[in-house]
2 protein chains.
Amino acid sequence: MDLLKLSGRGQFVPLVVGLVGLPGRGKTVLGHKLQKYLTWTGHRARVFSVSGYRRKHHDYTGHDFFRADNENAMEIRKKSHLEAMQDAERWINDGGEIAILDGTHSTMAVRQTLHNFFVKQLKCKVLFIECLIDDKDILENNIKEITQLSDDYRHMDTEKALDDIHQKVKHYLEHYKPICPKAEISYSYIKFHNAGENISVHHLDGPYQTKVLGYLSNFRPLRKTLYFSRHGESEFNLLGRIGGDSDLSTRGHKYAALLANYFNDLAIPNLQVWTSEKTRTKQTAEEINAPVDNLVPLNELNAGICEGLTYEEIQEKFPQEFAWRDQDKLRYRYPWGESYLDIISRLEPVLLELEREDNVVVISHQAVLRCILGYFLNTEPDQVPYLKVPLHTIIKLTTVGYECHVDFIEFKVECVDTYRKRPEVCNTSQ
Amino acid sequence: MDLLKLSGRGQFVPLVVGLVGLPGRGKTVLGHKLQKYLTWTGHRARVFSVSGYRRKHHDYTGHDFFRADNENAMEIRKKSHLEAMQDAERWINDGGEIAILDGTHSTMAVRQTLHNFFVKQLKCKVLFIECLIDDKDILENNIKEITQLSDDYRHMDTEKALDDIHQKVKHYLEHYKPICPKAEISYSYIKFHNAGENISVHHLDGPYQTKVLGYLSNFRPLRKTLYFSRHGESEFNLLGRIGGDSDLSTRGHKYAALLANYFNDLAIPNLQVWTSEKTRTKQTAEEINAPVDNLVPLNELNAGICEGLTYEEIQEKFPQEFAWRDQDKLRYRYPWGESYLDIISRLEPVLLELEREDNVVVISHQAVLRCILGYFLNTEPDQVPYLKVPLHTIIKLTTVGYECHVDFIEFKVECVDTYRKRPEVCNTSQ
């Protein structure tokens with residue numbers, strides 16, 4: 001039998017997001033993180049970076065390229081913008097849903113060009129997101145990040161790069177015009193002030209725009225560290241049973257004590273702990289000196305009629321279910337239970353919270369942590385159910401710009417291995 | 001076996017929404033519609049109306065009650081506000097998630113009282129939503145609506161009521177202070193201008209607030225009319241088969257022609273038609289003179305391994321599944337298919353679109369239309385799978401304030417009856 005692939009996700013009029021703002025206002029990080037979020041929640045989203053196209057025509061040597069009177073360069077910049085739009089057009093015609101145009105779109109004329117291209121010719125919707133910053137600390141921090149991350153500054157020393165960006169901004173200031181609430185009243189736009197402190201919204205239109213706003217209202221583009229751990233080994237782990245609500249084993253309690261020592265020694269200010277509502281995650285968090293929240297969406301995958309069984313028992317009692325699960329572990333739902341896709345969907349508010357927070361320890365379960373890590377690490381959804389999230393290990397995640405760095409901190413407390421590889425042959429001959 | 005009730009919905013720190021604004025700014029309609037939306041998407045939300053408490057202490061006779069120098073009245077108003085907050089407190093302690101305080105909260109002092117009560121004492125989050133209107137048409141329209149809908153004006157003639165509200169607003173203007181971005185910078189708030197034309201957002205915090213913002217960015221508090229119809233009778237309907245993608249029957253085509261006549265005669269300006277992606281809804285829309293969109297989320301409930309079978313065949317081949325479905329039709333999922341709850345979830349963006357639109361004809365399927373109507377009519381979720389949505393009938397929905405009015409317009413084209421009552425006894429003895 002062919003599996004009916006469930007997506008449950010809609011297809012609406014495609015959306016083009018035009019980023020607006022001076023260099024250093026955080027457009028690129030916002031664009032890429034937005035793309036990641038949209039992709040993870042089931043949409044086809046892609047970033048088209050105008051500077052990427054520009055670099056194909058021109059090796060960047062310095063800010064003179066951006067002088068208003070540099071006519072040659074202006075030609076290249078226009079051409080690059082057009083190429084980015086044309087590629088976005090092709091991609092949308094191929095089924096793309098949300099194209100994010102990462103450029104400065106710093107004049108009314110350029111915004112009108114983009115708007116006409118996509119709204120009038122292609123019947124897409126267009127949303128401008130303007131990034132504005134008047135907080136000096138945030139701005140300096142962003143500009144420093146550009147010197148480290150942008151391909152333009154790969155071969156320039158930091159001091160020189162910093163100076164170059166400031167000069168570049170000066171050139172832009174000669175012609176930059178923020179979105180005008182009167183002259184540009186017919187556009188849909190969001191003004192994103194000081195990295196999310198204030199947001200103003202004009203004339204949102206359509207489900208993709210609602211989704212983008214939901215992300216933006218949680219997005220805080222800061223460097224941050226998050227910690228993840230499964231609960232310590234449980235009594236059910238020892239018995240090979242899935243689900244349930246058992247206590248920690250003796251070894252599980254030992255891990256909980258070491259985990260608490262680790263965080264109590266670090267004494268991170270404003271540390272928070274989030275667990276599921278299951279006993280085994282609560283017990284694991286017990287000795288950490290930090291406020292603890294118990295969240296339903298962090299509960300383990302609900303195995304429905306198979307809760308509390310071993311894999312052998314499932315195979316014996318429900319052979320068809322067992323075979324189906326191996327065939328498509330991402331989409332398979334236990335009767336009266338959940339699939340990995342269901343978890344991804346119920347985790348969405350938690351992921352948005354994590355986008356806003358710093359220094360959180362999430363103590364949860366194998367399937368749930370696979371989904372959370374998959375989000376941060378851009379894992380292909382089909383691979384998510386096979387990510388390795390071993391027991392008795394802290395996973396430390398640090399974000400820089402739109403990249404994530406992961407460390408596995410293993411604790412030497414023996415435990416069972418709950419990883420089950422995908423079988424080579426999946427028997428679904430019923 | 002006890003059914004594991006799946007909710008898949010999170011429980012986070014409770015939220016109190018404090019509405020802010022002068023009379024006539026649309027707070028009550030916004031509050032009630034927000035409550036309906038949140039409830040429908042699986043949250044426990046309730047409106048606490050300060051004026052409701054006030055009416056328990058005082059029979060409204062006129063605007064003098066709201067004079068700034070009316071000390072007796074001020075006592076009653078304070079007491080009513082406190083009672084509303086205390087009831088909200090009790091309800092939150094009983095498991096309520098989002099309490100909406102419908103009052104004017106027109107001074108910094110009152111807002112601080114509310115904030116301290118819920119944030120400092122109860123550790124809830126508080127979000128203020130300030131409704132601001134400077135568009136005279138919208139304002140006059142709102143004020144007219146109050147004379148028709150408010151209990152204060154039930155026994156007053158319209159002219160007198162209109163004058164009374166204007167006087168009442170004048171009293172409020174003596175002390176009303178909009179939320180101040182400087183002095184009240186520590187609050188989370190949304191300013192909702194001119195019924196949604198512009199929205200500004202400060203410091204949103206948490207998943208419920210994101211959800212509220214998503215609704216507000218789509219909410220347009222206008223009188224409007226929406227039309228719903230199932231596709232005409234299909235070949236599969238004739239055979240008693242579920243799902244699939246068959247053509248209309250001869251009688252189905254006849255209905256499509258009459259449906260088109262109906263709308264073409266009405267010649268409603270800016271009419272839009274939304275269908276699912278199935279042949280039978282597209283064929284039903286074919287002759288209507290209006291632009292047509294085909295939307296995936298309007299597709300019929302996916303019956304997974306039972307697609308294309310008759311109920312008799314399902315009962316024979318999958319007796320356990322058949323019995324389970326009767327036992328809990330709202331939550332039951334066909335293997336590799338969907339439940340009604342899944343439809344409710346995938347319809348969310350469509351419902352938000354419908355909140356913004358006027359004059360849309362939605363041509364879809366039995367289960368999907370049950371879910372859409374259930375939303376507009378405040379149907380208990382468990383009753384949704386049993387709502388009657390007959391073939392060959394237009395359902396016309398008109399909204400006034402936060403109420404909906406429904407008309408069934410039946411067409412005299414014979415068709416099969418696809419309604420299946422809930423059996424008295426559900427056999428799930430496996």
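Scroll up a little and you will see the structure.
Below is a summary of the structure that appears in this document. All figures in this text were calculated on a predicted structure; none of them were measured in a lab. (Residues numbered from 1 in each chain as written. Chains lettered and ligands numbered in written order. Predicted model: local features only at pLDDT ≥ 70, side-chain atom pairs only at ≥ 80, totals over all residues. Heavy atoms only, no water.)

## A few points about the interface of chain A and chain B
The interface of chain A with chain B comprises 49 residues on the first partner and 49 residues on the second. Roughly 4,000 Å² is buried in total at the junction of chain A and chain B, and carbon and sulfur atoms are behind 62% of that figure. At the junction of chain A with chain B, the criterion picks out four salt bridges. A salt bridge links D205(A) to R356(B); the shortest N-O distance between them is 3.0 Å. Counting only elements with at least two residues in the side of chain A that touches chain B, the list comes to β6 (198-202), α7 (207-216) and α13 (340-356) of chain A. The dominant element in the side of chain A that touches chain B, judged by the number of residues it contributes, is α13(A), at seven residues. Across the side of chain A that touches chain B, the residue classes break down as 21 nonpolar, 15 polar and 13 charged. Relative to strand β6 (residues 198-202) of chain B, β6(A) runs antiparallel, the two being bridged by five bridges. From the neighbouring strand, H202(A) faces β6(B), where its bridge partner is N198(B). (Contact = heavy atoms within 4.5 Å. Buried area = accessible area lost by both parts, 1.4 Å probe. Salt bridge = Lys/Arg side-chain N within 4 Å of Asp/Glu carboxyl O. Helix = DSSP H or I, 4+ residues; strand = E, 2+ residues; numbered from the N terminus. Nonpolar A, V, L, I, M, F, W, Y, C, P; charged D, E, K, R; others polar. Pairing = 2+ DSSP bridges.)

## Things to note about the sheet that holds strand β7 (residues 224-230) of chain A
Residue and element names in this part refer to chain A. An order of β9-β8-β10-β7-β11-β12 is seen for the six strands of this open sheet, with the pairing classed as mixed. Lying at the two open borders of the sheet, with one neighbouring strand each, are β9 (292-294) and β12 (403-410). Within this sheet the neighbouring strands show an average axis-to-axis angle of 20°, counted without direction. Where strand β8 (residues 272-275) lies against strand β10 (residues 360-364), four bridges are found, and the strand directions are parallel. When the sheet's bridge partners are listed, Q272 is paired in β10 with V360. (Axes fitted to C-alpha atoms, helices over the stretch in contact; angles between N-to-C directions.)

## A look at the pairing of β12(A)
Residues and elements named next belong to chain A. Pairing analysis gives eight bridges linking strand β11 (residues 393-400) to β12, with the strands arranged antiparallel. Across the sheet, residue I395 finds its bridge partner in β12, namely F408. The antiparallel hairpin formed by β11 and β12 contains two residues in its connecting segment, where G401 sits at a positive phi of about 60°.

## Quick word on the relation of the copies chain A and chain B
Both copies of the chain are placed relative to one another by a rotation about an axis and a shift along it. Each copy superposes on the other: chain A lies on chain B with an RMSD of 0.0 Å after a rotation of 180° and an axial shift of 0.1 Å. The superposition of one copy onto the other is thereby described by a two-fold rotation axis. Taking the C-alpha atom as reference, chain A places S200(A) closest to the rotation axis, 2.1 Å from it. Of all interface residues in chain A, 98% are interface residues in chain B too; the two copies therefore contact each other through one and the same surface. (Least-squares fit on C-alpha atoms with pLDDT ≥ 70 in both.)

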